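# Understanding the architecture of this molecule
The residues making up each chain are set out below.
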Amino acid sequence: MQALMIAALLAVACADPKVYLREQFDDGDEWKSRWVESKHKSDYGKFVLTAGKFYGDAEKDKGLQTSQDARFYSMSTRFNSFSNEGETLVIQFTVKHEQSIDCGGGYIKLFPGELNQEEMHGESSYNIMFGPDICGPGTKKVHVIFNYKGKNHLINKDIRCKDDEYTHLYTLIVRPDNTYEVKIDNKKVESGSLEGDWDFLPSKKIKDPEAKKPDDWDEREKIDDPDDTKPEDWDRAEHIPDPDAKKPDDWDEEMDGEWEPPMITNPEYKGEWKPRKIDNPDYKGKWVHPEIDNPDYTPDSKIYKYDSNGVLGLDLWQVKSGTIFDNFLITNDEKFAEEVGNETWGVTKDPEKKMKEAQEEEDRKKREEDEKAMKDEIKDEGEGEEEKEEDEEEEDDDEDEEENEEETDSNLKDEL
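Report follows, based on the coordinates.

What counts, and at which threshold
Residues numbered from 1 in each chain as written. Predicted model: local features only at pLDDT ≥ 70, side-chain atom pairs only at ≥ 80, totals over all residues. Heavy atoms only, no water. Disulfide = S-S within 2.5 Å. Helix = DSSP H or I, 4+ residues; strand = E, 2+ residues; numbered from the N terminus. Buried < 20%, exposed > 50% of the residue type's maximum accessible area, 1.4 Å probe, protein only. Pairing = 2+ DSSP bridges.

## Re the state of the cysteines
- A full pass over the atoms with the stated rule returns one disulfide.
- Between Cys 103 and Cys 135 runs a disulfide, and the two sulfur atoms are separated by 2.1 Å. Negative torsions about the S-S bond denote left-handed disulfides, and the value of about -85° found for Cys 103 with Cys 135 makes this one left-handed. On the criterion of sequence distance, the pair formed by Cys 103 in strand S7 (residues 103-105) and Cys 135 in strand S9 (residues 128-135) is long-range, its members being 32 residues apart.
- Judged by relative accessible area, which is 16%, Cys 103 ranks as buried.

Laid out in structure tokens, this is it:
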């Protein structure tokens, strides 16, 4: 019996991963035959295939890029529909906001197989929505939304997404034990139970509607000491006339009115008297509302399950276009997904960063050269103006000398 169990475990461990979708856009324009643009609206933004302005590999980093600002985008690809009952579901893809996105989605939606792709739109029912969403400084999060019994449920935790211009790997793992894990760049950033982190089910416990706090329940931990009395000399005015003040010598009561010394804080003022506090002998602590089992709660061991998964869609809005989606993977194997992430994003991420840094260095040098050229031009113009002024001054001096010579000649003629 033990041998059979070991053999079964080995068979599971050695089983090949199921790959329901793997899209890396490595066959040129053939992607157009696999992806369908929705016709629900006539003005959806266009996706283009490109590696972008900077990349780690010109071919491997090609993906679908949003190309028009302030547009809705709606495109999807179909694969053989499957149920994830009894097995792990892994959804993985890369996102690159090379436009330094200010407001827009970077998420995917997993739809049932019966979806009409040409009619896909923002209200189309989906199974899972997953990925980054950015809008201003206040919204920079990873959406993890599950549809459960016809209603979309948002995660109760805040998962922060990456907001730089580089490519990042996003992975969602949903396990048949109703647990989940979210990874960014192949590192876990959140995990837990589906029931604990989403409001799929009613609370297991509720406050007993029949229970009420007793009228004589005293929650005051401290009370005024009934034996404490205010001292007879306690009451003093808060402000008194300044005893050191003197009426100015030039004070004219007929003109200035009756003189009164300025008021100062009374050093003997003790404030409002309050009796000291003592422990309340009748204190019973904070009353806790007793709870009972919620009659509306029914456990569900298959929250994770979807009978049909068959379409992956990009259904989103972007103010500033330029996001590139790539390396889509849907599988049942966590380890395989991690390996694929390392073989794709993991290989090109460092060269991508190096290329961008080189571009930024070139841009910096060009700015410096342009600034220097502008300064030289301004300097040359200034020197030209100075030379012009000097020439004009010399001409004026020559004219003055000629006039003086003419006056001298005229005076000599008069004398003769």
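On we go from here.
## Here's the deal with the pairing of strand S14 (residues 187-193)
- Sheet topology places strand S13 (residues 179-184) next to S14; six bridges connect them, and they run antiparallel. When the bridges of S14 are listed, Glu 181 appears paired with Ser 191.
- Hairpin connection, S13 to S14: the antiparallel pair is bridged by two residues, and Asp 185 has positive phi, about 55°.

## Re unusual backbone geometry
- With a phi close to 55°, Ser 100 is a non-glycine residue in the positive phi region.
- Turning to its location among the elements, Ser 100 is positioned in the loop between strand S6 (89-97) and S7.
- The exposure class of Ser 100 is partly exposed, given its relative accessible area of 37%.
- Located in the positive-phi region is Lys 149, a residue other than glycine, with phi close to 55°.
- Owing to a relative accessible area of 73%, Lys 149 belongs among the exposed residues under this scheme.

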